[in-house]
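Report on the structure
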Amino acid sequence: MDNLTKIVRTEIDRQYKSVRQFAFAVDIPLSTINSALHSGIGGSSFDTVLKICKTLGIQSITEDASAYLTEDTQKMLDQYAQLDDYGRHTVSTVLQVEYDRCTKQAD
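Residues numbered from 1 in each chain as written. Predicted model: local features only at pLDDT ≥ 70, side-chain atom pairs only at ≥ 80, totals over all residues. Heavy atoms only, no water.

Going through the model one piece at a time under the given rule, you end up with four salt bridges. Two residues, Arg14 and Glu11, come together in a salt bridge whose shortest N-O distance is 2.8 Å. Here Glu11 and Arg14 lie together in helix α1 (residues 3-15), a separation of three residues that amounts to about one turn. For Glu11, a relative accessible area of 6% corresponds to the buried category. Residue Glu98 pairs with Arg101 through a salt bridge whose shortest N-O separation is 2.7 Å. Note that Glu98 and Arg101 are positioned in helix α6 (residues 85-103) at a spacing of three residues, about one turn of the helix. Ionic contacts of the salt-bridge type, sharing partners, join the residues Glu11, Arg14 and Asp72 into one network. (Salt bridge = Lys/Arg side-chain N within 4 Å of Asp/Glu carboxyl O. Helix = DSSP H or I, 4+ residues; strand = E, 2+ residues; numbered from the N terminus. Buried < 20%, exposed > 50% of the residue type's maximum accessible area, 1.4 Å probe, protein only.)

Here it is, written out as structure tokens:
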């Protein structure tokens, strides 16, 4: 599954109770949304991708659209940019600990 599809799926789960509710909110047929989530968002029409991303608050941050920001991620980056060196070190340390916890292979 490509990066954008993962982000879209995560944001739908986070912001809406179901894919059906999201399809209604974005005014795209449920079958189109399900197909996009199954086959990859990138295979959908440009208008559909644009509508989905705009509704979910997802923005591309690179020219080739290989990385995306959600509103939550943008907020965290804005807050991080305002921290001093001590605050950045603290956030980086906590982030590394949590990353290690979440990516640790089951022993």
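Additional details are given in the paragraphs that follow.
Before going further, it helps to examine the packing of aromatic side chains. Here the structure, examined in full by the defined rule, presents one aromatic pair. Measuring from centroid to centroid gives 5.2 Å for Tyr16 and Phe22, while their planes differ by 70 degrees, and the two rings are edge-to-face. Judged by relative accessible area, which is 21%, Tyr16 ranks as partly exposed. Overall, Phe22 belongs to the buried group, its relative accessible area being 0%. Over the ring of Tyr80 we find Arg88, and its NZ or CZ is 5.8 Å from the ring centre. (Phe/Tyr/Trp six-rings, centres within 6.5 Å; stacked < 30°, edge-to-face > 60°. Lys NZ or Arg CZ within 6 Å of the ring centre and 35° of its normal.)

Attention now moves to the side chain of Thr70. By the secondary structure assignment, Thr70 is in the loop between β2 (68-69) and α5 (71-81). Given a relative accessible area of 10%, Thr70 falls into the buried group. The residues contacting Thr70, other than those within four sequence positions of it, are Ile7, Glu11, Gly57 and Ile58. (Contact = heavy atoms within 4.5 Å.)

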